[in-house]
Amino acid sequence: NGQFALKRAKRSGRIEVYQPGEAGRARRRFSLETELRRAIEADQLDLAFQPLVDLETRTISGFETLARWNHPDRGAIPPIEFITVAEESGLILPLGRWVIDRAVETLASWDRQAGGPLPIYFSINVSAVQLARDSVASAVADALRRHDLPGDRITLELTESSIVADPDRASDMLDALKALSCRIAMDDFGTGYSSLAYLQRLPIDVLKIDRQFVSAMFDDKDSTAIIRAILSLANALGMTTIAEGIETANAAHLLAALGATTGQGYHFAKPMPAAQAFQHLVGRKAA
Ligand code: C2E
Ligand code: MG
Ligand code: MG
Ligand code: MG
């Protein structure tokens, strides 16, 4: 969609020069942006739900909600790609609000189907751009009110970059979320550039150990050492932990032995559509 690229360039008043090869990528980027805007308006995005499993009892303690875009022509677009487009275009604001509302709505409807509050929470991803530019706390408050769900059923996953970008703003936003009784998780912990001082200053409840350490655990002593250090840090600061990317029974056993609270990964379950995730949850409970 070259026309769109040209219009954008005119509007921004800049002359855009692309290297060969970059032009194709830029075109895809611009048309993805237009189509993503339409997809949000037409309610064509979806959420997938991946179990968060208590490593001791092996029961499901919650689900991470993950955005999905199944493009009518191009098929499934990876989140890493459309979330980046959304962040660069500002579409992350409506997208982020949609994700929050849909997640809260889904959990409220699962409770109704179950005939009462389920003993689980949903963990919702919040982008650094969203935290910097939108009132995430009021979006969450609106959704909780609209769907009549208490805040303690919701965890917000932030990345280290959200905090580094504007620590004071992040701190105010986290306080506002805590005032709603929501919990705060630090996603992909150990991969960003934040200072450990933030862990002490900010009301963070959960550290999510990044998949890169978990997947390297058996090949690389250093990854195990880093995991031990994160677990001991979390323990000392009174935080719980979620180990991401658990793909094998061995990894699940080792992480449980090391003291990780919760596990997430293909070994337990892949992200699933809402109806399937609900069945997975209630089926297990009955079994
Ligand atoms: P994340 O928040 O760290 O989410 C975990 C990612 O790891 C998900 O990828 C999940 O499908 C994947 N995963 C889980 N278990 C395993 C495993 O055992 N092995 C492997 N190889 N992967 C595993 P997904 O769904 O592709 O999402 C990628 C990233 O996109 C997320 O990373 C998050 O940063 C972003 N994202 C997804 N949904 C949203 C959203 O609603 N809002 C925002 N702001 N970002 C989102
Ligand atoms: Mg996450
Ligand atoms: Mg993560
Ligand atoms: Mg990760």
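The written sequence of each chain sets the order in which its residues are numbered from 1. Naming scheme: in the order in which they are written, chains are lettered from A and ligands are numbered from 1. Local features in a predicted model are, by the rule used here, given only for residues with pLDDT of at least 70; side-chain atom pairs are given and counted only at 80 or more, and totals for whole chains, interfaces and linings are based on all residues. Heavy atoms throughout the structure, all of them, feed into the side-chain values; hydrogens and water do not.

1. A word on a negative patch on the surface
Note the cut-off: Patch rule: a residue counts if its relative accessible area is over 30% and it has no salt bridge; like charges are joined within 9 Å, and nonpolar side chains (Val, Leu, Ile, Met, Phe, Trp, Tyr) within 5 Å. To measure how exposed things are, a 1.4 Å probe is used in the Shrake-Rupley method; for residues, cover is taken only from the protein chains shown. For this document, the term salt bridge refers to a Lys or Arg side-chain nitrogen within 4 Å of an Asp or Glu carboxyl oxygen. Charge counting follows a simple rule: Lys and Arg are positive, Asp and Glu are negative, and His as well as the terminal groups are ignored. Each charge is placed at NZ for Lys, CZ for Arg, CG for Asp and CD for Glu. Strands are runs of DSSP state E lasting at least two residues, helices are runs of H or I lasting at least four, and both sets are numbered from the N terminus onward.
On the surface, Asp-166, Asp-168, Asp-172 and Asp-175 cluster together into a negatively charged patch. Summarising the element assignment, Asp-175 is placed in helix H8 (residues 167-179).

2. Structural notes on helix H12 (residues 249-258)
Short version of the rule: Exposed residues in this analysis have more than 50% of their type's maximum accessible area, buried residues have under 20%, and partly exposed residues fall in between, with area computed by a 1.4 Å probe over protein chains only. Working note: the arc is built from the helix axis to C-beta atom directions. Note on definitions: a residue-residue contact is assigned when non-hydrogen atoms from the two residues lie within 4.5 Å.
Within H12, burial applies to Ala-251, Ala-252, Leu-255 and Leu-258. For H12, the angular spread of the buried residues around the axis is 130 degrees, confining them to a single face. Every exposed residue of H12 that faces more than 90 degrees away from the buried side is listed here: Asn-250, His-253 and Ala-257. Along its buried surface, H12 packs onto helix H10 (211-216), helix H11 (221-236) and strand E8 (240-243). Remark: Gly-259 follows H12 within two positions and exhibits a positive phi of approximately 105 degrees.

3. Considerations on the coordination of the magnesium ion (ligand 2)
Here is the rule we go by: Note: metal donors comprise N, O and S atoms at 2.8 Å or less from the metal (3.2 Å for Na, K and Ca); water molecules are not included, so apparent gaps in a site are possible.
At this site the magnesium ion (ligand 2) is bound by Glu-64 (OE), Asn-125 (OD1), Glu-157 (OE) and Asp-187 (OD), with donor distances of 2.0 to 2.2 Å. In the primary structure, the donors to the magnesium ion (ligand 2) are separated according to the pattern E-x60-N-x31-E-x29-D. Separating the magnesium ion (ligand 2) from the magnesium ion (ligand 3) is a distance of 3.5 Å, and Asp-187 supplies a donor atom to each of them. Of this pair, Glu-64 sits in strand E2 (residues 60-71) while Asn-125 sits in strand E4 (residues 121-125), and the two are 61 residues apart along the sequence. On the basis of relative accessible area, Glu-64 is assigned to the buried category, the value being 5%.

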